[in-house]
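Chain residues, written in single-letter form:
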Amino acid sequence: MEIKKEFDRLLSLCICVLTVAGACAADWVQGGVWTDTDGNRINAHGAGIMLHEGIYYWYGERKGKDTYRSPGVGWECYRTEAGGVSCYSSRDLKNWKFEGVVLQPDTIDSASDIHPTMVIERPKVVYNDKTRKFVMWMHIDNPYYSAARAGVAVGDSPTGPFTYIRSERPNNSESRDMTVFKDDDGKAYHIYSSEGNSTLHISRLSDDYLSQSGSFSRNFSGRFREAPAIFKHDGKYYMVTSGCSGWSPNEAEWAVAASIMGPWKTIDNPCRGKDADKTFYGQSTCVFPVNDGSRRSFIIMFDRWNKNDLIDSRYMWLPIELNGDSMIIPWREKVDVYNSMADIAAE
């Protein structure tokens, strides 16, 4: 009888393990439904991923359930209620724990930048070593996308809570799709689409990262690029951007520079494989580093938008292959960073 009980217990355990493993394998295909450690859909779009003290933190837009189109706007202005900014944490890039809504929407003041009726997009967080604060920048807008501002919030912990400070038009310019980059020397930069999205501005932040320093450059003038994702490798700066076509996918483009302020040399579409001319139906949002045990590698994250049901927008992670002066983003059906997950160690 005892032997049978032990056999049943082990059989049940095996079934549970196989079920969880099967779920993980199914969830982590490109554009699949990716879930957190509680089994809930990861709701963190337009994301930024920050590595801090051996832990990866994934910040993103928390989309509401109902998608609707803002009236009176010329382009396809589909949106949801702004639910603030979600945060997930992971040590292995596979198992993501939901840390909560680290920037809560202001549901009381209808004039607030972060009221649910407003727009909160593309949140990015960097750590300031001097102030020991975590600083979040994001695209802030009204329902008609005519405000074109950047908002900033600050927290004492990577898991928040973050306190919203204000929004601004950086350097008196429009700011829409954006990212933030922290360089090796501790200086941080705000990169954002401006001038009707026709030009990309790169602005050095103040020493505390809470405002602009006044030093900025204009890049890719007249090329209409958005969704910047930037990283640094062997002393060079690399950037991937998308074209401007609303929610519809388009062809990606990459550029390289010896200085983050430019000049930037535009190359071509880095994507290779089926539907590469549509960026595999995705749009760039961030690049983050991993260490695969032998060398430093980079993963680029894309949003695969579903304009009719934005909460059901999906994610893609693809490797970046650098070889001399070339960059390639090859299509992979699955997120192959997981193939050597046991060897991945945060720097």
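Our subject in this report is the structure included herewith. (Residues numbered from 1 in each chain as written. Predicted model: local features only at pLDDT ≥ 70, side-chain atom pairs only at ≥ 80, totals over all residues. Heavy atoms only, no water.)

**Structural notes on the overall build of the chain**
Turning to step 1, where the next piece is worked out: What the chain contains, in helices and strands, is one helix and 23 strands.
Turning to step 2, where the next piece is worked out: A burial count over the chain gives 54% of its 347 residues as buried.
Turning to step 3, where the next piece is worked out: Partitioning the contacts of the chain with sequence separation of at least 6, the portion at a separation of at least 24 is 48%.
Turning to step 4, where the next piece is worked out: A total of about 15,400 Å² of accessible surface is found on the chain, and carbon and sulfur atoms cover 50% of it. (Helix = DSSP H or I, 4+ residues; strand = E, 2+ residues; numbered from the N terminus. Buried < 20%, exposed > 50% of the residue type's maximum accessible area, 1.4 Å probe, protein only. Contact = heavy atoms within 4.5 Å. Areas by Shrake-Rupley, 256 points an atom, 1.4 Å probe, with all protein chains shown as cover.)

**Concerning the sheet that holds strand β21 (residues 296-304)**
Turning to step 1, where the next piece is worked out: The mixed open sheet is built from five strands, whose spatial order is β19-β23-β22-β21-β20. Both outer strands of the open sheet, β19 (271-272) and β20 (283-291), are each paired with one neighbouring strand and no more. (Pairing = 2+ DSSP bridges.)

**A closer look at the sheet that holds strand β18 (residues 265-266)**
Turning to step 1, where the next piece is worked out: Here four strands make up an open sheet; going across it, the order is β15-β16-β17-β18 and the pairing antiparallel. Strands with a single pairing partner mark the edges of an open sheet, and in this sheet they are β15 (225-233) and β18.
Turning to step 2, where the next piece is worked out: Here seven bridges tie β15 to strand β16 (residues 236-243), and the two strands are oriented antiparallel to one another. In the sheet register, phenylalanine 231 faces β16, and the bridge partner there is tyrosine 238.

**Concerning unusual backbone geometry**
Turning to step 1, where the next piece is worked out: Across the junction of glycine 160 and proline 161, the peptide omega takes the value 5°, indicating a cis bond.
Turning to step 2, where the next piece is worked out: On the secondary structure map, proline 161 appears in the loop between β9 (149-155) and β10 (162-168).
Turning to step 3, where the next piece is worked out: Here the bond from glycine 262 into proline 263 is cis, since omega is 10°, no more than 30 degrees from zero.
Turning to step 4, where the next piece is worked out: With respect to the secondary-structure elements, proline 263 resides in the loop between β17 (253-257) and β18.
Turning to step 5, where the next piece is worked out: Despite not being glycine, tyrosine 209 has its phi angle at roughly 70°, a positive value.

**Comments concerning the nonpolar core**
Turning to step 1, where the next piece is worked out: Tyr59, Leu103, Met136, Met138 and Phe162 are the most contacted members of the largest nonpolar core, which totals 20 residues.
Turning to step 2, where the next piece is worked out: Only β2 (55-63), β5 (82-90), β6 (97-103), β7 (119-128), β8 (133-141) and β10 provide two or more residues apiece to this core.
Turning to step 3, where the next piece is worked out: No other element matches β8, which puts four residues into this core.
Turning to step 4, where the next piece is worked out: Contacts of methionine 136, omitting those with residues within four sequence positions, involve Val85, Val102, Leu103, Pro123, Lys124, Val125, Gly151, Val152, Ala153 and Phe162. (Core = buried A, V, L, I, M, F, W, Y, C linked by side-chain atoms within 4.5 Å.)

**Some details on the pattern of salt bridges**
Turning to step 1, where the next piece is worked out: Tallying each qualifying case throughout the model produces 16 salt bridges.
Turning to step 2, where the next piece is worked out: By sharing partners, the salt bridges in this structure join Arg41, Asp312 and Arg314 into a single network. (Salt bridge = Lys/Arg side-chain N within 4 Å of Asp/Glu carboxyl O.)

**Section: the pairing of strand β11 (residues 178-182)**
Turning to step 1, where the next piece is worked out: Burial analysis of β11 places four of its five residues in the buried class, the great majority of the element.
Turning to step 2, where the next piece is worked out: Of the strand pairs in this sheet, β11 and strand β12 (residues 188-194) are connected by five bridges, and their pairing is antiparallel. Its bridge partner being in β12, lysine 182 is matched across the sheet by alanine 188.

**A closer look at the layout of surface pockets**
Turning to step 1, where the next piece is worked out: Of the volumes computed, that of the largest pocket is approximately 820 Å³.
Turning to step 2, where the next piece is worked out: Considering the residues around the largest pocket, the lining is formed by 32 residues, among which Leu51, Phe181, Lys182, Pro289 and Arg296 are closest to the centre.
Turning to step 3, where the next piece is worked out: At the level of secondary structure, the elements contributing two or more residues to the lining of the largest pocket comprise β1 (45-52), β7, β11, β15, β20 and β21.
Turning to step 4, where the next piece is worked out: For the second largest pocket, the calculated volume is near 400 Å³.
Turning to step 5, where the next piece is worked out: What lines the second largest pocket is a set of 18 residues, and nearest its centre among them are Trp75, Tyr145, Asp177, Glu226 and Gly246.
Turning to step 6, where the next piece is worked out: Put simply, the parts of the chain that give the lining of the second largest pocket at least two residues each are β2 and β7.
Turning to step 7, where the next piece is worked out: Here the residues of the lining of the second largest pocket are counted per class, giving five nonpolar, six polar and seven charged. (1 Å grid on protein atoms, 1.4 Å probe; cavity = no way out; pocket = protein on both sides within 12 Å on 5 of 7 lines; lining within 4 Å. Points joined across faces, edges and corners; volume = space filled by probe spheres on them. Nonpolar A, V, L, I, M, F, W, Y, C, P; charged D, E, K, R; others polar.)

**Observations concerning the side chain of serine 242**
Turning to step 1, where the next piece is worked out: For serine 242, the location among the structural elements is in strand β16.
Turning to step 2, where the next piece is worked out: Taking the relative accessible area as the measure of exposure, serine 242 reaches 4% and is therefore buried.
Turning to step 3, where the next piece is worked out: Apart from residues lying up to four places away in sequence, serine 242 is in contact with Phe224, Arg225, Glu226, Ala227, Asn250, Gln283 and Ser284.

**Things to note about empty space enclosed by the protein**
Turning to step 1, where the next piece is worked out: Applying the stated criterion to the full structure yields two cavities of 30 Å³ or more.
Turning to step 2, where the next piece is worked out: Estimates place the volume of the largest cavity at around 100 Å³.
Turning to step 3, where the next piece is worked out: Listed by contribution, the elements that provide at least two residues to the lining of the largest cavity are β2, β5 and β7.
Turning to step 4, where the next piece is worked out: Looking at the lining of the largest cavity residue by residue, the class counts come to five nonpolar, two polar and six charged.
Turning to step 5, where the next piece is worked out: Quantified by volume, the second largest cavity comes out at close to 30 Å³.

**Thoughts on the environment of phenylalanine 181**
Turning to step 1, where the next piece is worked out: With respect to the helices and strands, the residue phenylalanine 181 is situated in strand β11.
Turning to step 2, where the next piece is worked out: Using a relative accessible area of 10% as the deciding quantity, one classes phenylalanine 181 as buried.
Turning to step 3, where the next piece is worked out: A sequence separation of 49 residues divides phenylalanine 181 from isoleucine 230, and the C-alpha atoms of the two residues are 7.0 Å apart.
Turning to step 4, where the next piece is worked out: Residues contacting phenylalanine 181, with those up to four places away along its chain left out, are Lys187, Ala188, Tyr189, Ile191, Ile230, Phe231, Lys232, Tyr237 and Ile260.

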